[in-house]
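The residues making up each chain are set out below.
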Amino acid sequence: MRMSHLNFNHLYYFWHVCKAGSVSGAADALFLTPQTITGQIKALEERLDGKLFKRQGRGLVPSELGQLVFRYADKMFMLSQEMLDIVNYRKESSLLFDVGVADALSKRLVSRVLETAVAEEGQIHLRCYESTHELLLEQLSQHKLDMILSDCPVDSSQQAGLFSVKLGECAVGFYCGAPLPEQPFPECLRHRKLLIPGRRSMLGRTLLNWFSSQGIQPEILGEFDDAALMAAFGQHNNAIFVAPALYAAEMQGLMRVHQVGQVDSVKEKYYVIFAERMIQHPAVQRICHTDFSGLFSAQEIQREPMAEGKSQA
């Protein structure tokens, strides 16, 4: 005869024992006595007509039946937690928002995007983490992050439950300190050492493809995952480096570097990636519904007059 219903309290205690690896560990987590936990597990075993655990040393491990039940229980209780998170979004006075930022992205542009998430009337507690796209995507899949800002999208057909929205893109410029190259751009890339984003990043791979299409074989001094570190290193080591053309005038004024060229066909792209469970999060909604075209618009690029011998690609 089929079971008409299941006691979810029994299943919940079983789930905790599996995660803790012992009855005592689960009892501590649930603030219950071990005898209570044991009684609940026995009741569940009677309902399922089979043993859920077997001894391994001093601990407990799920039996074959237990492994099967745990897989379903894990999905059920993780989904229930996601549901509660969504329901409670607008009830909490301070809402935690964990964001991962791909290290290859310009931090100035990322900062402008994140300003949208922290509305004045809201109580968002923002926590930012920086790493590679791959590691951030793994953390997002494990529910350790709420959202990612990255330079490439996610394939929803390969990453079930994850979605990406393109926020914008901007051309990249090539910069260096004094003395300026004697050759025009892009010929100067053959004669001075170059710094580029790591080839693990989308921009790094796009630049390498562009060099190949132009027949340029630059002397690459280094690859940097961190955009700010690349700019600082290039500034003090007489190397040409890459940065968003959006901030050409500002970089030339503050960093005392000069733009030697700009490639409009090579773009630094910005995507927001989030899990389905975060669709109703107010910070995610604000970012996804904001028009960032002005931020990435070429009209905001204020370039100083190019020195003699410079040209655009």
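Let me sum up the structure you'll find in this document. Residue numbers here run from 1 along each chain, matching the order of that chain's written sequence. Restriction of local features to residues with pLDDT of at least 70 applies here, the model being predicted, together with a cutoff of 80 or more for giving and counting side-chain atom pairs; totals for whole chains, interfaces and linings are based on all residues. In computing side-chain values, all of the structure's heavy atoms are included and hydrogens and water are not.

## Digging into the packing of aromatic side chains
Put simply, two rings from Phe, Tyr or Trp (the six-membered ring, in Trp's case) pair if the centres are within 6.5 Å, and we call them stacked under 30 degrees between planes, edge-to-face over 60, tilted for the rest. What the rule picks out here adds up to 13 aromatic pairs. Ring geometry for Phe-185 and Trp-210: centres 6.4 Å apart, planes at 10 degrees, overall stacked. Of this pair, Phe-185 sits in the loop between strand E6 (162–176) and strand E7 (194–197) while Trp-210 sits in helix H7 (residues 202–213), placing them 25 residues apart in sequence. For the exposure calls, accessible area comes from a 1.4 Å probe over protein chains only, and a residue counts as buried if that area is under 20% of its type's maximum, exposed if over 50%, partly exposed in between. Trp-210 gets classed as buried once you look at its relative accessible area, which sits at 7%. One aromatic cluster is present, formed by Tyr-12, Tyr-13, Trp-15 and Phe-77 through successive ring pairs. Helical segments are the DSSP runs of H or I of at least four residues, strand segments are the runs of E of at least two, and each set is numbered from the N terminus.

## So, the sheet that holds E6
In this analysis, strands are considered paired if DSSP registers two or more bridges between them. Spatially, six strands are ordered E4-E3-E5-E10-E6-E9 in an open sheet, and the strand pairing comes out mixed. Unpaired on one side and paired on the other, strand E4 (124–131) and strand E9 (241–244) mark the two borders of the sheet. Sheet twist, expressed as the mean angle between neighbouring strand axes with direction ignored, is 25 degrees. Alignment of E6 against E9, held across four bridges, turns out to be antiparallel. Residue pairing across strands places Tyr-175 opposite Phe-241, the latter belonging to E9. Lines are fitted to the C-alpha atoms to define the axes, a helix being fitted only along its stretch in contact, and any angle between axes, read from their N-to-C directions, falls within 0 to 180 degrees.

## Describing the packing of helix H2 (residues 23–30) against helix H3 (residues 34–48)
What describes two packed helices is the angle between their axes and the distance between those same axes. Packing of H2 against H3 leaves a shortest axis separation of 8 Å and a crossing angle of 110 degrees. As summarised for this structure, H2 and H3 are arranged roughly perpendicular, according to the angle between their axes. Taken as a pair, H2 and H3 cross one another with a handedness that is right-handed. Contacts between H2 and H3 pair Val-23, Ala-27 and Leu-30 from the former with Pro-34, Ile-37 and Thr-38 from the latter. The classification used treats Ala, Val, Leu, Ile, Met, Phe, Trp, Tyr, Cys and Pro as nonpolar, Asp, Glu, Lys and Arg as charged, and all other residues, Gly among them, as polar. For the contact of H2 with H3, a count of residues per class yields five nonpolar, one polar and no charged. An angle counts as roughly parallel when it lies under 35 degrees, as roughly antiparallel when it exceeds 145, as roughly perpendicular when it falls between 65 and 115, and as oblique in every other case. When the near helix sits turned anticlockwise from the far one by under a right angle, the crossing is termed left-handed; a clockwise turn instead gives a right-handed crossing. Throughout, a residue-residue contact means that at least one pair of heavy atoms, one from each residue, lies within 4.5 Å.

## Some thoughts on the pairing of E7
In this structure, E7 lies alongside strand E8 (residues 220–224), joined through four bridges in parallel fashion. Across the sheet, residue Leu-194 finds its bridge partner in E8, namely Ile-220. The β-α-β motif built from E7, the intervening H7 and the parallel element E8 has right-handed crossover chirality. Every crossover in which the path from the first strand over the helix to the second runs clockwise, viewed with the strands pointing away from the viewer, is termed right-handed.

## Quick look at the pairing of strand E5 (residues 147–150)
Burial along E5 is two-sided: the residues Met-147 and Leu-149 and Ile-148 and Ser-150 are all buried. Pairing of strand E3 (residues 95–102) with E5 involves three bridges; the strand directions are parallel. Across the sheet, the residue bridging to Val-99 is Met-147, located in E5. Inspection of the sheet shows E5 paired to strand E10 (residues 258–275) by four bridges, in the antiparallel sense. Across the sheet, Met-147 pairs through a bridge with Phe-274, a residue of E10.

## Examining the pattern of salt bridges
For this analysis, a salt bridge means a side-chain nitrogen from Lys or Arg found within 4 Å of a carboxyl oxygen belonging to Asp or Glu. Throughout the structure, instances matching the rule amount to seven salt bridges. Among the ionic pairs, Arg-199 bridges to Glu-223, the shortest N-O distance being 2.5 Å. Taken together, the residues span a long stretch of sequence, with Arg-199 in the loop between E7 and H7 and Glu-223 in strand E8 at a distance of 24 residues. Residue Arg-199 is classed as partly exposed on the basis of its relative accessible area, which comes to 44%.

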